[in-house]
Every structure is written in structure tokens, then in C-alpha cells.
Amino acid sequence: QVTRPVALVQFFEAREDQFKSLMDANDVPRFMRIVKNAVMRDPMIADASAQSVFLECQKAAADGLVLDGREATLTRFKVNKRQQVNGRWEDNWVTEVVYIPMIRGLTRLVTESPQVADWHTGLVYEEEFKQGRFDYQRGDDPRLTHKPIIIGETGPVVAAYSIVRLRSGAVKIEVMTRNQLEAIKNRTKSRRKRKVSACSICLPIPV
């Protein structure tokens, strides 16, 4: 008897040529091998429909990311699609899969963009802020300077930032406060309570 993971792998093997229109043909064998490994590593992915898993993998291929748990990952989660049976609504938990780019993959996509010349991210700690080592100015001429503490107590993280320099010379700066980081953390916890699969997403900042 063919198991669901094996059947899913066979489903992909029969459609390998479809990935050649989304990515370099030389990269397809490696991409397929990594997808198969992901399914065998987490067989419950196969609880979702083969077509839905295939479509999510196509999205990863179109972005040029591999599902190796570093550039991107397949995350499974449970969704309650309640249905009516004999006039009564009953729970109907089904498995769905979504492709999620991870920080390494996002970094590669950004740095390989023809519009991006450079990209830096950083964390700001409480003692650095108190000592005036971090200065951020918004407006039509945004500026950010950060002198990190290399040796000594830093205290907790109070902010995180991203600086993107475009080839046109323009600079894009984004800063997130501790409260915003905590909001992301709380939303992640909330999703887990709704039976989201335990598949962590690597973030550029500790939350």
C-alpha cells in the first residue's frame, strides 16, 4: 500500500517539467530533491491535498527559493472548516500547507535585486539607547546612527532597524520599537494556540 507521503512524492515526480518554466532547468533536480526531503522529514505535510502542496512549491520556485528550512519552508497548520451534518454544525479540522520565505531567503532576494545596492539590519539595546549611542531621525532627510556596545552590559533589546540603500542613491530606513516586536511575538503565540504547526520562522530580530 502506497503511503500518503510516497504518493505525494510521486505526484511531484510526474509534474517535474512544470517547474522548468519557473526556474533554471539546471536547478530543478535539486529543488525537487529538497521538496521530497521536506515531505519525508514531515510526513504530515501529505495530509494536505497534493494539489495545494504543489501550488505552494510552485510559489517558492517562482521566487527562486529552496524549501530547505533555511531559505524557505513548508509550514502545515490545522484549519477548522466546519460543515453541516444532519442539520448540525460539526468541527472539520483539515491540514493546509503554506510556503513561507525565511530570513536567509528574504536576504538573498533583496541583495540580488537589481535595485538594491546594500542592506543592513541591526538591534538596539537599552544601554546603547540610554548612552545616546542610537540616533534616528525621520522626515524628508531620514538618518540613523548606531554605535553598538561591544564589551559590557547591554540590557534588553529596545528596537530593531533595517537600512536599504538603492542603486539610485536613495536610502530606506525602517525602525521597529520593542512594543512592535512584542506585538509580532503575541500574534505568533496566538497562531500557535489555533493549532498552527510547530514550524518556526527565522526572523532577523529576536522576539
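Right above here is the structure, for reference.
The rules behind the values
- Residues numbered from 1 in each chain as written.
- Predicted model: local features only at pLDDT ≥ 70, side-chain atom pairs only at ≥ 80, totals over all residues.
- Heavy atoms only, no water.
- Helix = DSSP H or I, 4+ residues; strand = E, 2+ residues; numbered from the N terminus.
- Buried < 20%, exposed > 50% of the residue type's maximum accessible area, 1.4 Å probe, protein only.
- Contact = heavy atoms within 4.5 Å.
- Salt bridge = Lys/Arg side-chain N within 4 Å of Asp/Glu carboxyl O.
- Phe/Tyr/Trp six-rings, centres within 6.5 Å; stacked < 30°, edge-to-face > 60°.

Trainee: If you had to explain the side chain of Q58 to someone new, which residues and values would you point to?
Mentor: One can find Q58 in helix α3 (residues 50-63). For Q58, a relative accessible area of 18% translates into the label buried. Those residues in contact with Q58 that sit more than four places away from it in its chain are Q18, F19 and L22.

Trainee: Break down the pattern of salt bridges for me, citing the residues and quoting the values.
Mentor: All chains considered together, the criterion is met by 11 salt bridges. Residue K20 is joined to D17 by a salt bridge in which the shortest nitrogen-to-oxygen separation is 3.2 Å. Under the relative-accessibility criterion, D17 is labelled exposed at 57%. Ionic pairing is found between R82 and D91, a salt bridge with its closest N-O pair at 2.7 Å. In this structure R82 comes out as partly exposed when scored by relative accessible area, which is 44%. Ionic contacts of the salt-bridge type, sharing partners, join the residues E71, R108 and E112 into one network.

Trainee: So what about the packing of aromatic side chains? Which residues, and what values?
Mentor: Aromatic ring pairs: the centre-centre distance and the angle between the two ring planes describe each pair. Following the criterion strictly, the structure yields 7 aromatic pairs and no others. Ring centres of F12 and F19 lie 6.2 Å apart, and the angle between their planes is 15°; on these two criteria the pair is classed as stacked. Note on F19: relative accessible area 0%, which makes it buried. Taken together, a centroid distance of 5.3 Å and an interplanar angle of 45° make the contact between F19 and F31 tilted. Linking F19 in the loop between α1 (4-13) and α2 (28-41) with F31 in helix α2, this pair joins segments that are 12 residues apart in sequence. Chaining the aromatic ring pairs together yields one cluster made of F11, F12, F19, F31 and F54.

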